[in-house]
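The residues making up each chain are set out below.
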Amino acid sequence: MPATAAARRESTPLPEKTISPLLTFMFAAACGLVAANLYYGQPLAGPISQSLGFSPAATGLIVTLTQIGYGLGLLLIVPLGDLLENRKLVLTLVALAAVALVGAAFAWSPSLFLLASLCIGLASVAVQVLVPFAAHMAPDASRGAVVGNVMSGLLVGIMLARPAASFLSELLSWHAVYIISAGVMIGLIVILRLVLPTRVPHTKLHYGQLLSSMGHLALRTPVLQRRALYQACMFGAFSLFWTTTPLLLASPAFGLTQNGIALFALAGAAGAIASPIAGRVADRGWTKLATAFALVLAIIAFLIGHFSGSGSLLALITLTLSGIMLDFGVQTNLVLGQRAIFALSAEHRSRLNGLYMATFFAGGALGSALGGWAYATGGWNMASWIGVAFPVIALLAYLTERKN
């Protein structure tokens, strides 16, 4: 009798993991709202600099310190998703973001504002704890779709942050942007506390062992290496484009105002529709074909945009189309990469995601730096040729993949 009961228990299928559409939406909304904190400072650098008395040379640090904080968080905080209870970790990071945003709003000196900027970047890695958290909750068959939906929220937050900051600062002040965002973070804490389930990882490593294991994963995981390289190139192209096009649009050729540039940036948010599509494509096993499509699309986007520097209405339309195509390709490749690395090991998802994001974030930083230098040196013509080189490098690397 006991043997029969045991056999019956063994034959009973375990309940399949699931995540409701409402919870998926909450993950996506949380990612978008938190990720937006990283980008408010970009269009506000001028007003903040004038208000707090930054020197011209130090103004660039307003954005740079936030990026440095985010990069450090990817390597030092995101891996904790494999060690600490995920819900509590997310709530703690969002609370830190709220405090840092208040600090930025009421900073009375450049040094205090830069410290707040660094903390905003550190806390914003909450989004990279949420993404593998959502992936863990999803069943294998629909994991790509769930990750794609969550990442669409992330991209919408990134793309809307700059125009929202421009509009609000013009209507109210740059202080109001940070105060409002802090209020949003507090509201988000209340909601996430109610809707997020608890998830306790099984990893028993100490923090030092957790960090050292990342080096092992980076060296011994070919899928991670390839996907990170592809996305580093794609994000480099993305960062170059969105660093230089505002300069082009503000130049005498186009003469757009800050609000006009903000409206142009809004068009790029259309690329967010790529995320759920890419996730479903990956779930069907078409990752390699979709990767080639994404890389080629980015190349075509830059080739179209290359001839859009004349300042005419047609040039503005083609440049907008170029931005939408590029964002679509970048977002598609991002989700394909995350779907691939999340399938490797549930136990290592946060560490794999941290390495993946840190690598392509470095590519984005390189793209921004090269874009600013190229535009100052050779204008949009030179910048766009460097931009197209990024996805070309990724495509050449992709062509060396073994055909399975």
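Residues numbered from 1 in each chain as written. Predicted model: local features only at pLDDT ≥ 70, side-chain atom pairs only at ≥ 80, totals over all residues. Heavy atoms only, no water.

- You'll find the protein entered in an unreviewed UniProt entry as MFS family arabinose efflux permease, with Rhizobium miluonense given as the organism.

### A look at the overall build of the protein
Here comes step 1: In terms of helices and strands, the protein carries 16 helices and 0 strands.
Here comes step 2: When the 404 residues of the protein are sorted by exposure, 55% land in the buried category.
Here comes step 3: Excluding contacts between residues fewer than 6 apart, the proportion of contacts in the protein whose partners are at least 24 apart in sequence is 85%. (Helix = DSSP H or I, 4+ residues; strand = E, 2+ residues; numbered from the N terminus. Buried < 20%, exposed > 50% of the residue type's maximum accessible area, 1.4 Å probe, protein only. Contact = heavy atoms within 4.5 Å.)

### Focus on the packing of helix α11 (residues 222–250) against helix α15 (residues 313–342)
Here comes step 1: Two elements in contact, α11 and α15, have axes whose closest approach is 10 Å; the angle formed by their N-to-C orientations is 155 degrees. The angle between the axes of α11 and α15 places the two elements in the roughly antiparallel class. Note that α11 runs across α15; the crossing there is left-handed.
Here comes step 2: Taken together, the residues of the contact of α11 with α15 break down into 19 nonpolar, 7 polar and 2 charged. (Axes fitted to C-alpha atoms, helices over the stretch in contact; angles between N-to-C directions. Parallel < 35°, antiparallel > 145°, perpendicular 65-115°, else oblique. Left-handed = near helix turned anticlockwise from the far one by under 90°. Nonpolar A, V, L, I, M, F, W, Y, C, P; charged D, E, K, R; others polar.)

### Topic: helix α2 (residues 21–36)
Here comes step 1: The end-to-end C-alpha separation of α2 is 23 Å, in line with the 22 Å expected for 16 residues at 1.5 Å each.
Here comes step 2: Every buried residue of α2 is accounted for by Leu 23, Thr 24, Met 26, Phe 27, Ala 28, Ala 30, Cys 31, Gly 32, Val 34, Ala 35 and Ala 36. (Expected span 1.5 Å × (residues − 1).)

### Thoughts on the nonpolar core
Here comes step 1: Phe 27, Ile 48, Phe 113 and Tyr 178 are the most contacted members of the largest nonpolar core, which totals 125 residues.
Here comes step 2: At 17 residues, helix α16 (residues 349–398) tops the list of elements feeding residues into this core. (Core = buried A, V, L, I, M, F, W, Y, C linked by side-chain atoms within 4.5 Å.)

### Some remarks on a nonpolar patch on the surface
Here comes step 1: Where nonpolar side chains cluster on the molecular surface, the patch consists of Leu 33, Leu 171, Leu 172, Ile 180 and Val 184 and spans about 440 Å² of accessible area.
Here comes step 2: Considering the arrangement of structural elements, one finds Leu 172 in the loop between α8 (143–171) and α9 (174–195).
Here comes step 3: Judged by its relative accessible area of 51%, Leu 172 falls in the exposed class. (Patch = residues over 30% accessible without salt bridge, like charges linked within 9 Å, V, L, I, M, F, W, Y side chains within 5 Å. Areas by Shrake-Rupley, 256 points an atom, 1.4 Å probe, with all protein chains shown as cover. Salt bridge = Lys/Arg side-chain N within 4 Å of Asp/Glu carboxyl O.)

### Structural notes on the confidence of the model for the protein
Here comes step 1: Confidence in the prediction of the protein, expressed as mean pLDDT, is 79, and 87% of residues score 70 or more.
Here comes step 2: In the model of the protein, helix α1 (residues 2–11) stands out as the element of lowest mean pLDDT, 43, in contrast to helix α5 (residues 86–105), which has the highest, 91.
Here comes step 3: Low pLDDT (under 50) marks residues 1–16, which in the prediction has 1 contact with non-local residues, meaning those over four places away or in another chain. (pLDDT = per-residue confidence, 0-100.)

### What to know about the packing of aromatic side chains
Here comes step 1: All told, the structure shown has 8 aromatic pairs when counted by the stated rule.
Here comes step 2: Aromatic pair Phe 241 and Trp 380: ring centres 6.2 Å apart, planes at 75 degrees, arrangement edge-to-face. Of the two residues, Phe 241 sits in helix α11 while Trp 380 sits in helix α16, which places them 139 residues apart along the sequence. Both residues of the pair, Phe 241 and Trp 380, belong to the buried class.
Here comes step 3: Taken together, the ring pairs in this structure connect Phe 113, Trp 174 and Tyr 178 into an aromatic cluster. (Phe/Tyr/Trp six-rings, centres within 6.5 Å; stacked < 30°, edge-to-face > 60°.)

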